[in-house]
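Coordinate analysis (summary)
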Amino acid sequence: MIDIQALHKFYGKHQILQNLNLNCEKGKVYGIVGENGAGKTTLFKCIAGLESYEGNIQSEIVPLKDHLGFLQTDLFFFPKITGKEYIQLLCNARNISLGNFDEKNIFDLPLEEYAINYSTGMKKKLALTAILLQQNEVFILDEPFNGVDIQSNMMITEIIHRLKKAGKTLLISSHIFSTLRDTCDEIHLLQKGTFSKKVLPTEYDLLEAEMKDTIIGNKIDFLGLG
């Protein structure tokens, strides 16, 4: 479905991504983990066609960007557009005709209100609803669980399972390891712009333990919390 080969990305002289290779198949969920600044969002923007890059990103769907739904961490909404109008705008871009809005409003959002006035979590749920209704074949979800309530987290997890069952291809980043454990077929660890490890479900516990040891170590001891 998506084949990434020798992907490099520079901002000026600063290299963000270095020789990334990844093959993503239909009906599978790929988790991308790494510290802030590791290059996760930059990678997603390259796949989505929002950033230039060196290397190759190939797909059997051409052009990929016309069949890809990208849930970004930093969402933009026009000042005077309602939630309903935002969904309609994104669906018009895919020539998707919508029927009853109310039954599709699974997160119970105030669709007649201006989206810019939504909370962070509501904005994320609005953007997710819109790309789902676009009927995309590929979904990139950058921190989909961050900033939303526990009920919505449960809903998003089930949505990912349904998309996988429908044969869609998904790439997900999350700082909440349990959400990746519940959804991903494999997890790739991105460190300093390159993939350092590919992990299958049987090794998730080991990866989580290694990440905790690397990130936490004995740092908290210095706070003297007891």
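Analysis parameters
- Residues numbered from 1 in each chain as written.
- Predicted model: local features only at pLDDT ≥ 70, side-chain atom pairs only at ≥ 80, totals over all residues.
- Heavy atoms only, no water.
- Axes fitted to C-alpha atoms, helices over the stretch in contact; angles between N-to-C directions.
- Helix = DSSP H or I, 4+ residues; strand = E, 2+ residues; numbered from the N terminus.
- Left-handed = near helix turned anticlockwise from the far one by under 90°.
- Contact = heavy atoms within 4.5 Å.
- Pairing = 2+ DSSP bridges.
- Buried < 20%, exposed > 50% of the residue type's maximum accessible area, 1.4 Å probe, protein only.

1. Some points on the packing of helix 2 (residues 83-92) against helix 4 (residues 120-133)
Helix 4 packs onto helix 2 with a crossing angle of 35° between their chain directions and a minimal axis gap of 9 Å. Relative to helix 4, helix 2 is oriented so that their crossing is right-handed. Residue-level inspection shows Gly 83, Tyr 86, Ile 87, Leu 90 and Cys 91 of helix 2 in contact with helix 4, the latter providing Leu 126, Ala 127, Thr 129, Ala 130, Ile 131 and Leu 133.

2. Side note on the sheet that holds strand 7 (residues 169-173)
Pairing in this open sheet of six strands is mixed, and the strands run 5-6-7-3-8-9 from one edge to the other. The open sheet is flanked by strand 5 (68-71) and strand 9 (194-199), the only strands paired with a single partner. On average, adjacent strands in this sheet sit at an angle of 15° to one another, irrespective of strand direction. Judged from the four bridges that link them, strand 3 (residues 29-33) and strand 7 form a sheet pairing that is parallel. Looking across to strand 7, one finds that Tyr 30 is bridged to Leu 171. Taken strand by strand, helix 5 (residues 150-165) contacts strand 3, strand 6 (138-142) and strand 7, and its axis lies near 150° from that of strand 7.

3. Side note on the environment of Asp 74
The residue Asp 74 is located in the loop between strand 5 and helix 2 in this model. Look at Asp 74 and you get exposed, because its relative accessible area is 68%. Along the chain, Asp 74 and Lys 123 lie 49 residues apart, while their C-alpha atoms are 9.9 Å from each other.

4. Here we look at the sheet that holds strand 4 (residues 54-59)
Taken in spatial order, the three strands line up as 2-1-4 in an open sheet, and their pairing is antiparallel. The open sheet has two edge strands with one neighbour each: strand 2 (14-24) and strand 4. Neighbour-to-neighbour, the strand axes of this sheet turn through a mean angle of 20°, independent of strand direction. In the packing of helix 1 (residues 40-47) onto the sheet, the strands contacted are strand 1 (2-11), strand 2 and strand 4, and the crossing angle to strand 1 comes to about 120°.

5. So, the pairing of strand 1
Residues in a regular strand project their side chains so that they alternate between the two faces of the sheet. Here strand 1 runs beside strand 2; their pairing, made up of seven bridges, is antiparallel. Of the residues in strand 2, the one forming a bridge with Ile 4 is Leu 22. The antiparallel pairing of strand 1 with strand 2 creates a hairpin that spans two residues between the two strands, and Gly 12 there sits at a positive phi of about 65°. Judged from the five bridges that link them, strand 1 and strand 4 form a sheet pairing that is antiparallel. Counterpart to Ile 2 in the pairing with strand 4 is Ser 59.

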